[in-house]
Every structure is written in structure tokens, then in C-alpha cells.
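# Observations on the three-dimensional arrangement
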Number of protein chains: 2
Amino acid sequence: MSDTPKDLEALIDLMARLPGLGPRSARRAVLHLLKKRGQVMAPLADAMTQVAATARDCLTCGNIGTSDICAICASEKRRNGQICVVEDVADLWAMERGGAFRGRYHVLGGTLSALDAVGPEELRIPRLMARLEEEEVTEVILALNATVDGQTTAHYIADEITDRGISVTSLAQGVPIGGELDYLDDGTISAALKARKTI
Amino acid sequence: MSDTPKDLEALIDLMARLPGLGPRSARRAVLHLLKKRGQVMAPLADAMTQVAATARDCLTCGNIGTSDICAICASEKRRNGQICVVEDVADLWAMERGGAFRGRYHVLGGTLSALDAVGPEELRIPRLMARLEEEEVTEVILALNATVDGQTTAHYIADEITDRGISVTSLAQGVPIGGELDYLDDGTISAALKARKTI
């Protein structure tokens, strides 16, 4: 697009780098923004500038917030003593949407991976161990993804925590709510059968 | 997400309004931005602020640019005398990507529609007629979409232009390059057959 203004092209290029958007959908999104310059584009630009300037990782748990201690770590309404360990901020958000957990979090920032040379020091595992010393923790809930790397990381952390009098738990595995057996993989069905409950 | 900072939630809500993004993909995009605050988020916010402040509709043709007269209308390299009429800036971009047209454009800003009460005055049709008086135009190319409203608008404009000694043309209809007959609709095949050429 030879005769498109430079800054418009730059904006489209930057938008196209977002996950879920490609060159075509970035153009569509930018065109939509251009047509609603006042109502959508200016507020979005302002919101983004604002967040880019204020967002930071929580020094305690690694969650992303707008202050050095995130809203969850700072809240008095959340229960102390329970720490839910997640890989990523996205997982923390997913747990929060569930709304069932009212304790504190710890965001590792990834999983251990021999292939990618990610060791405990690259994650927030030392920080987690420090928190177990500092805070009166009674339970660590490992809410890591059911992938090989996720489970390796869970085992590593569980091993590190033993002999401290802290119970280490993980999320139950089984049939998702509303899930149909016919569409489930064999591993999930076996896990759900092994963990069956009396009604 | 009760404990998510307000401005983060506001940003996700605004992103979710973009075409092609929903709440889930907006969260993913924002999380990606948050992780690359310096490299991606700040430049994107700056580019958006910049474009929101400078973007405006070209007074001549309705294209979106950064000055009162867009780059195409202002360019001395584009041919005068040919005006390509398109519905939307997206169509102008599509034509420019094709790269075959080196004349000027006129962006209507929509199509005539009895249902939506869009008459010629709501589009840039009067402005097009004024340009035909002001500029020495020899050909008007109607590159409107092959929809009912697009074709209605094309016929209306063609009728308005008659008796001015200006030739009015439209894009050829036929088999797309690389298109397979088996996957084409009947209307396109009929149109391609009617417009067949000797090799």
C-alpha cells in the first residue's frame, strides 16, 4: 500500500503482531478504529498508554497489577495461609473467573523445561520458597496445566515443600462440567474413573 | 475478575470491541501486551495516539489520511482523468494492494439502501458529481461490491453521469485467478460464460 500514510502502516504492523490477529484482521481492526476515532480509538489509545505506564509485576506473587503489590496480595478479604501456584497470569485470571478460590496466588512465569533450559531459578520458585518461610502457609495448591512440563514442575515443587508441615494439593482431574464422555480423551476418562466418588 | 485493576479491565473491554476479537482473545492480546510492555505495548499505544490525533477524511475523495488532502489525491505520480469509485476505505486499500490502478479514487462511504434510509445525500455522491465538474475526468470506474446494494448504487451513479461525455465502466466479473469451477457459485459461472473472450 504505497500511498498509505507511514504511521497508519506502522499501526497496522503493530496490531498484526497481537496473538489472534494477522495482517488482514489487523487492517480490519485499524479501519474500524479509524471510523470510530472519537468513540473507540482515542479511549483505547489512552487506556493502553495508561496501562503501559502503570503495569508492573507484583513483587510478592508475580501477578500483573498497577502497584508493587497487586490487588490480590494487598486485599484483606482474601484468606491467608492458602497459596495457589499457577504457571501464568492467564491461569490466575482463569482461576479468578471461576471465583471459587479466595486465597493468595503465586505466578511461576512458566514451567521447568530441560529442552528450553528453564530451571527453578528462571521461574519464581525461589520466591515461592521464601514466601513459605515468611507467611504462615498451611496449603499449597498446585494449579498447573496438565501437560508434561506442567506436571514435572508440580512434582518438583511438591518435592521441595516436603517436611515443612504444609499440605500440597493439586486440582482434581476428571470429566469437565457439561462434558460428553464420547468427546473426551482416554487419559481423562481413566483419571476420572480412578478418582471416582461415592454419591 | 473482581481483583483485576480497573484500567486493565477497561483496556480488555475496549479491545474486545474490535472486529475479530471477543472477550477471550482480547484477554489473550492484552496479556501478550502486558508481557511485552516495553517492546510492543508502549509503541502500539504511541502509534494509536498518533493516528487518532492526525487521521482525517480526505476532503476530496473521502480516503483516510493524515492531512486534509490524502496522499493519493496529492500525489503527482497518479494519473488524472480516471476516478475509481469504491464503497469503503477497505475497498480502496484492496485496490491499492492489487497495484494495477494508478488513477484517483472516490470513497462513497457506503451504498444506497432503501431499508436503512441511505440516500445519495448520505453518501459522497454529490461530492463525486462536483468533482466531475471541477476535474477533467474521462472515465469513472465503478468498483462497487457485487451485492444488491452495491449494484443498485452503481446503476444510480451511472445514470447520473450520462450525457457528460465521461465513460462509465465497472470491474469485470468472472472466475477468480486460481479459482476452481467446482467451488464457484452458479451466478459467477454464468457471468464468466457470458463475458467469455477469444484466446
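Computed from a predicted structure; not experimentally measured.

## Structural notes on the interface of chain B and chain A
Taken residue by residue, the interface counts 52 residues in chain B and 52 residues in chain A. Summed over both partners, the interface of chain B with chain A buries about 5,100 Å², with 72% contributed by carbon and sulfur atoms. Here chain B is connected to chain A by 4 salt bridges. One salt bridge connects D57(A) with R37(B), and the closest N-O pair in it is separated by 3.6 Å. For the interface between chain B and chain A, the tally reads 4 residue pairs in polar contact (both at pLDDT 80 or more). Taken together, the elements giving at least two residues each to the side of chain B that touches chain A come down to α1 (6–16), α2 (23–35), α3 (37–54), β1 (56–57), β2 (64–65), α4 (71–74) and α5 (89–98) of chain B. When residues of the side of chain B that touches chain A are assigned to their parent elements, the largest contribution, 13 residues, is made by α3(B). Tallied by class, residues from the side of chain B that touches chain A come to 30 nonpolar, 8 polar and 14 charged.

## Quick word on the pattern of salt bridges
Here the structure, examined in full by the defined rule, presents 16 salt bridges over all chains. D57(A) is the salt-bridge partner of R124(A), the closest N and O atoms lying 3.6 Å from each other. With R124(A) in the loop between β4 (104–107) and α6 (125–134) and D57(A) in strand β1 (residues 56–57), this pair connects stretches of sequence that are 67 residues apart. Among the residues examined, D57(A) registers a relative accessible area of 33% and is labelled partly exposed. If you follow the salt bridges from partner to partner, you end up with R37(A), D57(B) and R124(B) in one network.

## Observations regarding the sheet that holds strand β5 (residues 139–142) of chain A
All names here are of chain A. Taking strand neighbours across the sheet as the criterion, the 4 strands line up as β4-β3-β5-β6 in an open arrangement whose pairing is parallel. Every interior strand has two partners, whereas the edge strands, β4 and β6 (167–170), have only one. Ignoring strand direction, the axes of neighbouring strands in this sheet form an average angle of 25°. Relative to β6, β5 is paired through 4 bridges, and the arrangement is parallel. In the strand pairing of β6, E139 is matched with S167. Sheet strands touched by helix α5 (residues 89–98): β3 (82–86) and β4. Its angle to β4, the strand with the most contacts, is close to 155°. Packed onto the sheet, α6 meets β3, β4 and β5 and runs at close to 150° relative to β4.

Calculation rules
Residues numbered from 1 in each chain as written. Chains lettered and ligands numbered in written order. Predicted model: local features only at pLDDT ≥ 70, side-chain atom pairs only at ≥ 80, totals over all residues. Heavy atoms only, no water. Contact = heavy atoms within 4.5 Å. Buried area = accessible area lost by both parts, 1.4 Å probe. Salt bridge = Lys/Arg side-chain N within 4 Å of Asp/Glu carboxyl O. Polar contact = N/O pair within 3.5 Å; in protein donor to acceptor, adjacent residues only side chain to side chain. Helix = DSSP H or I, 4+ residues; strand = E, 2+ residues; numbered from the N terminus. Nonpolar A, V, L, I, M, F, W, Y, C, P; charged D, E, K, R; others polar. Buried < 20%, exposed > 50% of the residue type's maximum accessible area, 1.4 Å probe, protein only. Pairing = 2+ DSSP bridges. Axes fitted to C-alpha atoms, helices over the stretch in contact; angles between N-to-C directions.

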